[in-house]
Amino acid sequence: MSANVKTKTVEPLEATSAEIVSINPAALHAAPPVTAVKAPSAISLRVMLRGALQKALPALLGAIVLIAIWQIAAIGSKGFPTPLKTWEAAKVIFADPFYVAGPNDMGIGWNVLASLKRVAMGFGLAALIGIPAGFLIGRFSFIASMLNPIISLLRPVSPLAWLPIGLLLFQRAEPASAWTIFICSIWPMILNTAEGVTRIPQDYLNVARVLKLSEFTVMRKILFPAVLPYILTGVRLSIGIAWLVIVAAEMLTGGVGIGFWIWNEWNNLNVENIIIAILLIGAVGMVLEQGLMAIARRFSYDNR
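Residues numbered from 1 in each chain as written. Predicted model: local features only at pLDDT ≥ 70, side-chain atom pairs only at ≥ 80, totals over all residues. Heavy atoms only, no water.

Visitor: For this particular structure, what's the right way to read the overall build of the protein?
Guide: Across its full length, the protein holds 10 helices and 2 strands. The order of helices and strands in the protein, counted from the N terminus, is α-α-β-β-α-α-α-α-α-α-α-α. Across the 304 residues in the protein, those meeting the buried criterion constitute 32%. Within the protein, contacts between residues separated by at least 24 positions form 68% of all contacts whose residues are at least 6 apart in sequence. For the protein, the accessible area works out to roughly 20500 Å², and carbon and sulfur atoms hold 69% of it. (Helix = DSSP H or I, 4+ residues; strand = E, 2+ residues; numbered from the N terminus. Buried < 20%, exposed > 50% of the residue type's maximum accessible area, 1.4 Å probe, protein only. Contact = heavy atoms within 4.5 Å. Areas by Shrake-Rupley, 256 points an atom, 1.4 Å probe, with all protein chains shown as cover.)

Okay, here's the thing in structure tokens:
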């Protein structure tokens, strides 16, 4: 009896979709292909340049319009200097801005520094008194009822109306100018600080009362951090007013200062120098205001 043996034929392997590729041994050590990828620093630099151009272009166009109007006014007015003539005078003035030829004959740099010194004295005294007074007015209704009528009475008075009072009290021009700066720059700081205190949620103060915190702790931990943006807004407004008033005060009191320098140049009929001083006053005021605005943005709640 013969055994039935089943034989299984082995079929050849079918080719799959994967193909066998011969590898060159030299290709294993070859460098990977280089693709043109822009560096992140180059992209960010381009974005920064585009943003700076978008901001600078409108300002540049505005300056061109201003110079064009200036040129037209100079052509149609006798004795009014052209922009080119003013530029030539500016090169002479700023070639040596810190010369000293006498007690009342100094370069424009010394005059600006003298004005800034007076502004710092009056403005600093206003901050020392105005900010605490604003806290008290906003914190206590009795003090607010007592001081608000006085503030409403004195705040609309022109700053230069206080200059004779300063001359009478101090008998000297230097402290009288600082007094004028003080009395005109204190009101924005008082009002903005008081407004910030009144806008603090009452829940914060109720929690402080439950915890039996001292008034000094409430002022330091709750009131001051919340009111700081308002304080900085008042400070920014006050510095602009102070720098505005000092020029007029120095015209009346004399001595060294940018206001007296302008008046002296007018007596000498140097209109080019007056225009240079006006532009310089505007530039210094812009720097002061922008600096305080940067500080205000730094302490704003939006950036925390």
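Visitor: What's the story with the packing of helix 6 (residues 173–198) against helix 8 (residues 215–253) in this structure? I'm lost.
Guide: The geometry of a pair of packed helices is captured by two quantities: the angle between their axes and the separation between those axes. Following both chains from N to C, one finds helix 6 and helix 8 inclined at 155 degrees, their axes separated by 7 Å at the closest point. Comparing their axes, helix 8 and helix 6 come out roughly antiparallel. Two packed elements cross with a definite hand, and for helix 6 against helix 8 that hand is right-handed. (Axes fitted to C-alpha atoms, helices over the stretch in contact; angles between N-to-C directions. Parallel < 35°, antiparallel > 145°, perpendicular 65-115°, else oblique. Left-handed = near helix turned anticlockwise from the far one by under 90°.)

Visitor: So what exactly am I meant to see when it comes to the packing of helix 9 (residues 258–267) against helix 10 (residues 271–298) here?
Guide: Viewed as axis vectors pointing N to C, helix 9 and helix 10 meet at an angle of 160 degrees, and their least axial separation amounts to 9 Å. When the interaxial angle is binned, helix 9 and helix 10 end up roughly antiparallel. Read as a crossing pair, helix 9 and helix 10 show a hand that is left-handed. Here Ile258, Trp261, Ile262, Glu265 and Trp266 of helix 9 come into contact with helix 10, specifically with Asn273, Ile274, Ala277 and Ile281. Split by residue class, the contact of helix 9 with helix 10 holds 7 nonpolar, 1 polar and 1 charged. (Nonpolar A, V, L, I, M, F, W, Y, C, P; charged D, E, K, R; others polar.)

Visitor: Teacher, can you tell me more about the pattern of salt bridges here?
Guide: Side-chain pairs of opposite charge can arise where the charged atoms are in close proximity. This structure, assessed with the given rule, holds 6 salt bridges. Between Lys91 and Glu88 there is a salt bridge; the shortest N-O distance is 3.4 Å. One end of the pair is Lys91 and the other is Glu88, both in helix 2 (residues 83–93) and 3 residues apart, which spans about a single turn. Judged by its relative accessible area of 42%, Lys91 falls in the partly exposed class. Among the salt bridges present, the one from Arg118 reaches Glu250, with a minimum N-O distance of 2.6 Å. Here Arg118, found in helix 3 (residues 108–139), pairs with Glu250, found in helix 8; they are 132 residues apart in sequence, far enough to count as distant. Just as Arg118 is buried, Glu250 falls in that class too. (Salt bridge = Lys/Arg side-chain N within 4 Å of Asp/Glu carboxyl O.)

Visitor: Honestly, the environment of Gln290 in this entry has me stumped. Any pointers?
Guide: Examined against the element boundaries, Gln290 turns out to sit in helix 10. What makes Gln290 partly exposed here is its relative accessible area of 41%. With 54 residues separating them in the primary sequence, Gln290 and Arg236 have C-alpha atoms 8.7 Å apart.

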